[in-house]
Amino acid sequence: MDDKSYGFRFAYHYGGRISLMKCGSFLNFRIMKCSASIKTVFIQSVCYLFAVLFVYAAVSKMLDFENFQVQLGQSPLLSAFARWISVLVLAAELMAALFLLTGRLRHIGLYFALSLMVMFTAYIFIILNYSSFIPCSCGGILEKMGWNAHLAFNIAFVFLAASAIVLDAWVGKARNAGYGFLAQAKWIAVAIAASISAVALLYLSSEEVMRHSNPFIRRYPHHPAEYSASFRLNNSSYYIAGFRGQRIYLGNYEFPSYLMSLDSSLSHQKMERISFSPDSIPFKNIYIRIQEPYFYLYDGSVPAVFRGDAKDWSITTAFKGVPYFTKLAPIDGASVAFRSNNSKKLANVLGVFNMESVPKISYRRNLLQKQIDGIFDTDGTLLYSEGMKKMVYLYYYRNEFIVADKYGSLAYRGHTIDTITHAKIKVSELKGGREFAMSAPADVVNSNAAVFENLLFVHSLVRGRYENEKLWKKSFIIDVYDLISGSYLMSFPIYHTSSSSLNSFAVAGGYLAAVIGNDLVVYQLKDALKKEIKKE
């Protein structure tokens, strides 16, 4: 017999008996045994690697849990659910590590690890492609990674988990129906699809909650407005009167006939004098507002409203018949929005004065809503958006603003993101009800505001959830709202100068100007804000 031709060899000869072994089977047995051993080592290595990764990440988060919650609170995907997701992520990472280190639960642990890594990968992908700002909430050394590197890192671990799942099924239960390659591939696909869907659903749900029913969580994108320049003023009596072209105009309460103007870089200063000689008008508090091509000079205690040409700074028109007012916002060359306190018991009321209409005065008594006294509880800031052709009234002591058309008809009532729905003030009657005064310090919610096109900028004095205390101590927080949808968009800080008093601020096309104590500062608006500017 030719043992080569049949693939056999003599194993031994004893007592006349010959034992044969097929060479191919012997080699295949050794190779299969060796291959299975390599697969087992690979699977165990992947399990240990994931366990170390999850335990390390979880411990890093626990050691700085407050910061971890803050980072999740700033996430564009998870802001609304930061409180319970921060706990859930820690529990999931530790549970996955436990399963991976337990032999009987190893296969489940690998699926757990796969799902977590797919979720983290989907999260980063959405952050990079659909978010205007990028937070970080990974913990430990992974915080030092760039986001693209982090994405690649996660994808690599997704492939490791998927490979280990297939090999673990092959090594452990290769001959059992339902544990083959196709079956594992199906379940891997299901796990990946479910994980991506979960993250996408969280993103959509969080966006809806944050914009329309915000649980008082602010979002701070990376530098939506950046400091550009500052200019030292000689006193603190200046306020921003408005903009004309690329120049910022400042009025001065002590010298109401003069305007100071500077370019947006604050490098070129000019002085303008308003040509006006009133005859025995008992002015008490003159204010100037620029709204191209006009400027307006007014004092509600007289009452008097004058309009002039901003080219030569001369008064050309007097608004005759205007009522006494406490707030005023120019609408166009013929009309102004005003707030008066001639309602019952001196309560505030909004109205529109149009010198070309009959009657000239139109009160809108349904706009302001009384909570306590109708005076202090309805106090606020009156603005007008030229781009939107809308009046905006923001309450000082509650989380509400009113949007109306230029005739005073209500468009809608919006809310700021804080939770103060009722004014926290105490009011006392004096002189038999002829005068009223606050009998205790009031809790101011919205200190000041500015409007540009569809954006409402609010200086808030209320600290939100997951916010850095140091940031509040050294800056003014500006919240931004979209007047078209009535939704919250984002927040950003304006930092204190030598003063911590924000006197006034206003927004033009590409920048925000603010008077802080004796300083005029300019912040340039960046893409995160500019892309939100729209025409209705």
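The model shown is predicted, which means the values in this text are computed figures rather than measured ones.

(A) Seen up close, the nonpolar core. In terms of nonpolar packing, the biggest core is built from 27 residues, with Phe-50, Phe-54, Leu-100, Leu-110, Leu-114, Met-117 and Ile-188 touching the most fellow members. At the level of elements, α2 (23-63), α4 (82-100), α5 (106-130), α6 (147-173) and α7 (181-212) are the ones that each hand at least two residues to this core. Aside from chain neighbours lying at most four places away, what touches Ile-188 is Tyr-111, Leu-114, Ala-162, Ile-165 and Val-166. Counting 26 residues, the second largest nonpolar core, distinct from the first, contains Tyr-239, Phe-295, Tyr-296 and Phe-319.

(B) Broad picture of the packing of aromatic side chains. All chains considered together, the criterion is met by 25 aromatic pairs. Each ring, one from Phe-243 and one from Tyr-511, has its centre 5.6 Å from the other, and the planes form 75 degrees; the classification is edge-to-face. Here the residue Phe-243 occupies a position in strand β4 (residues 238-244), and Tyr-511 occupies one in strand β27 (residues 511-516), the gap between them amounting to 268 residues. Accessibility expressed as a relative area gives 15% for Phe-243, which makes it buried. For Tyr-511, a relative accessible area of 4% translates into the label buried. Ring geometry for Phe-319 and Phe-353: centres 6.2 Å apart, planes at 45 degrees, overall tilted.

(C) Here's a closer look at the sheet that holds strand β13 (residues 335-340). In spatial order, the strands read β12-β13-β14-β15; together these 4 strands make up an open sheet with antiparallel pairing. In the strand order of this sheet, the two ends are held by β12 (327-330) and β15 (361-364), each with one partner. For this sheet, the mean inter-axis angle between neighbouring strands, taken without regard to orientation, is 20 degrees. When β13 meets strand β14 (residues 349-354), the two strands line up antiparallel, connected through 6 bridges. Residue Val-336 lies in a different strand from β14, and its bridge partner there is Phe-353.

(D) Inspection of the packing of helix α3 (residues 65-73) against α4 at higher detail. Closest axis-to-axis distance for the α3/α4 pair is 9 Å, and the angle between their directions is 125 degrees. In terms of axis orientation, α3 runs oblique to α4. Relative to α4, α3 is oriented so that their crossing is right-handed. Together, Phe-65, Phe-68, Gln-69, Leu-72 and Gly-73 of α3 and Ala-82, Arg-83, Ile-85, Ser-86, Val-87, Val-89 and Leu-90 of α4 make up the contact between the two elements.

(E) Broad picture of α4. In this model α4 runs 27 Å from its N-terminal to its C-terminal C-alpha over 19 residues, within 8% of the 27 Å that 1.5 Å per residue would give. Among the residues of α4, those classed as buried are Ala-82, Ile-85, Ser-86, Val-89, Leu-90, Ala-92, Glu-93, Ala-96, Ala-97, Phe-99 and Leu-100.

(F) Spotlight on the confidence of the model for the protein. On average, the protein scores 83 in pLDDT, and the residues at 70 or more come to 83%. Residue range residues 1-23 is modelled with pLDDT below 50. Its contacts to residues more than four positions away, or to other chains, number 23 contacts. Contacts for the low-pLDDT stretch residues 136-141, under 50 throughout, to residues beyond four places or in other chains number 16 contacts.

(G) View of the pairing of strand β25 (residues 487-495). The buried fraction of β25 is high, at 8 of 9 residues. Looking at chain direction, strand β24 (residues 475-482) and β25 are connected through 8 bridges and run antiparallel. Looking at the pairing, Phe-476 lines up with Ile-494 of β25. The hairpin turn running from β24 into β25, its antiparallel successor, is 4 residues long, and Gly-486 in that turn takes a positive phi close to 70 degrees.

(H) Representation of the packing of α4 against α5 in the model. Contact geometry for α4 and α5: axes closest at 7 Å, N-to-C directions at 145 degrees. Handedness of the crossing formed by α4 with α5: left-handed. Counted together, Ala-92, Glu-93, Met-95, Ala-96, Phe-99 and Leu-100 of α4 and Arg-106, Ile-108, Gly-109, Leu-110, Phe-112, Ala-113, Leu-116 and Phe-120 of α5 form the full contact between these two elements. Residue composition of the contact of α4 with α5, grouped by class: 11 nonpolar, 1 polar and 2 charged.

The rules behind each value
Residues numbered from 1 in each chain as written. Predicted model: local features only at pLDDT ≥ 70, side-chain atom pairs only at ≥ 80, totals over all residues. Heavy atoms only, no water. Core = buried A, V, L, I, M, F, W, Y, C linked by side-chain atoms within 4.5 Å. Buried < 20%, exposed > 50% of the residue type's maximum accessible area, 1.4 Å probe, protein only. Helix = DSSP H or I, 4+ residues; strand = E, 2+ residues; numbered from the N terminus. Contact = heavy atoms within 4.5 Å. Phe/Tyr/Trp six-rings, centres within 6.5 Å; stacked < 30°, edge-to-face > 60°. Pairing = 2+ DSSP bridges. Axes fitted to C-alpha atoms, helices over the stretch in contact; angles between N-to-C directions. Parallel < 35°, antiparallel > 145°, perpendicular 65-115°, else oblique. Left-handed = near helix turned anticlockwise from the far one by under 90°. Expected span 1.5 Å × (residues − 1). pLDDT = per-residue confidence, 0-100. Nonpolar A, V, L, I, M, F, W, Y, C, P; charged D, E, K, R; others polar.

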